[in-house]
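# A structural walkthrough
Here is what each chain is made of, one letter per residue.
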Amino acid sequence: MPPALAAGHNDTDDVRAAAAGDRQAFQRLYRLHASRIHGAMLRLSGYDHARAEDLTQDAFVRAWQKLDSFREQSSFGTWLYRLAVNVALMDIRARNADPVGYVDEDSVPEHGQTPFCAAERDELERAIGKLPPRARAVLVLHDVEGWRHEEIASELEMAVGSSKAQLHRARGLLRKALGEV
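In this text, all values refer to a predicted model and were calculated from it rather than measured experimentally.

## Structural notes on the packing of helix 4 (residues 76-94) against helix 6 (residues 133-144)
At a minimum axis distance of 11 Å, the contact between helix 4 and helix 6 shows a crossing angle of 165°. By the angle between their directions, the pair helix 4 and helix 6 is classed as roughly antiparallel. In the crossing of helix 4 with helix 6, the sense of the turn from one axis to the other is left-handed. For the pair formed by helix 4 and helix 6, the contact residues are V85, L89 and I92 on the first element and P133, R134, A137 and L141 on the second. A per-class count over the contact of helix 4 with helix 6 returns six nonpolar, no polar and one charged.

Structure follows, in structure tokens:
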């Protein structure tokens, strides 16, 4: 899994204070980690901005409720990220991951935050947003977030081979949508 964005920042004092009920400490943690969490939620929701906002909020509410279960075996950012992804995956499962459900083109962002080429990034985000939810989840978790197939299979309750097949399918659909042979 990718390292937290603020790798040099030590969250330990804020985490302990927040677990003891200090809302300002939790607010600092929120400010530090919100953009990374929202980015993951945006990709996993197929660039549905309203849903990504809801999932981000749900993730931080869940984090506040579960702070006492944080055991400092990993960084707080890693723990929070994993919790947030679980919130998104539960949402995908709750929606039954309709394999033919696509996001309306109006829901795809008009501009990427850090485009390598604005037009190409827009086209790629649009294509990812149109992938079936489970294929999109596997693609985002594997190719964007750096998860292994074993982790994806465990989280999505599928066989490792199914995770690999979904990734292959998602990449094929992306190639087709982007006009590649």
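## Section: the packing of aromatic side chains
Inspection of the entire model under this criterion finds seven aromatic pairs. Seen from their ring centres, Y30 and F60 are 4.6 Å apart, and the 70° between their planes marks the pair as edge-to-face. Taken together, the positions of Y30 in helix 2 (residues 23-44) and F60 in helix 3 (residues 49-66) put the pair 30 residues apart, joining distant regions of the chain. Note on Y81 and W147: the rings are 6.5 Å apart at their centroids and 70° apart in plane angle, and the pair reads as edge-to-face. With Y81 in helix 4 and W147 in the loop between helix 6 and helix 7 (149-156), the pair connects residues that are 66 residues apart, well separated along the chain. By relative accessible area, W147 is classed as buried at 2%.

## What to know about the nonpolar core
Grouped together as the largest cluster of nonpolar side chains are 47 residues, with contacts concentrated most on I37, M41, L44, F76, W79 and V85. Listed by contribution, the elements that provide at least two residues to this core are helix 1 (12-19), helix 2, helix 3, helix 4, helix 5 (118-129), helix 6, helix 7 and helix 8 (160-177). When residues of this core are assigned to their parent elements, the largest contribution, 11 residues, is made by helix 4. When sequence neighbours within four positions are dropped, the list of residues in contact with L44 reads V85, A88, I92, R136, A137, V140 and L141.

## Quick look at the packing of helix 7 against helix 8
A pair of packed helices can be characterised by two numbers: the angle between their axes and the separation between those axes. In the contact formed by helix 7 and helix 8, the axes pass within 8 Å of each other and the chain directions differ by 105°. With respect to their mutual orientation, helix 7 and helix 8 come out roughly perpendicular. For the pair helix 7 and helix 8, contact is made by H149, E150, I152 and A153 and by V160, S163, K164 and L167, respectively. Taken together, the residues of the contact of helix 7 with helix 8 break down into four nonpolar, two polar and two charged.

## Notes on unusual backbone geometry
Here the phi dihedral of E72 falls at roughly 60°; this positive angle occurs in a residue that is not glycine. The topology assignment puts E72 in the loop between helix 3 and helix 4. One non-glycine residue, E157, adopts positive backbone phi at about 55°. Its location among the elements puts E157 in the loop between helix 7 and helix 8. E157 sits in the exposed class, given a relative accessible area of 63%.

## Re the environment of A153
Within the secondary structure, A153 sits in helix 7. By relative accessible area, which is 5% here, A153 ends up buried. A sequence separation of 15 residues divides A153 from V138, and the C-alpha atoms of the two residues are 8.8 Å apart. If sequence neighbours within four positions are ignored, A153 has contacts with M158, A159 and V160.

What counts and what doesn't
Residues numbered from 1 in each chain as written. Predicted model: local features only at pLDDT ≥ 70, side-chain atom pairs only at ≥ 80, totals over all residues. Heavy atoms only, no water. Axes fitted to C-alpha atoms, helices over the stretch in contact; angles between N-to-C directions. Helix = DSSP H or I, 4+ residues; strand = E, 2+ residues; numbered from the N terminus. Parallel < 35°, antiparallel > 145°, perpendicular 65-115°, else oblique. Left-handed = near helix turned anticlockwise from the far one by under 90°. Contact = heavy atoms within 4.5 Å. Nonpolar A, V, L, I, M, F, W, Y, C, P; charged D, E, K, R; others polar. Phe/Tyr/Trp six-rings, centres within 6.5 Å; stacked < 30°, edge-to-face > 60°. Buried < 20%, exposed > 50% of the residue type's maximum accessible area, 1.4 Å probe, protein only. Core = buried A, V, L, I, M, F, W, Y, C linked by side-chain atoms within 4.5 Å.

The values are spatial; any link to function lies outside them.
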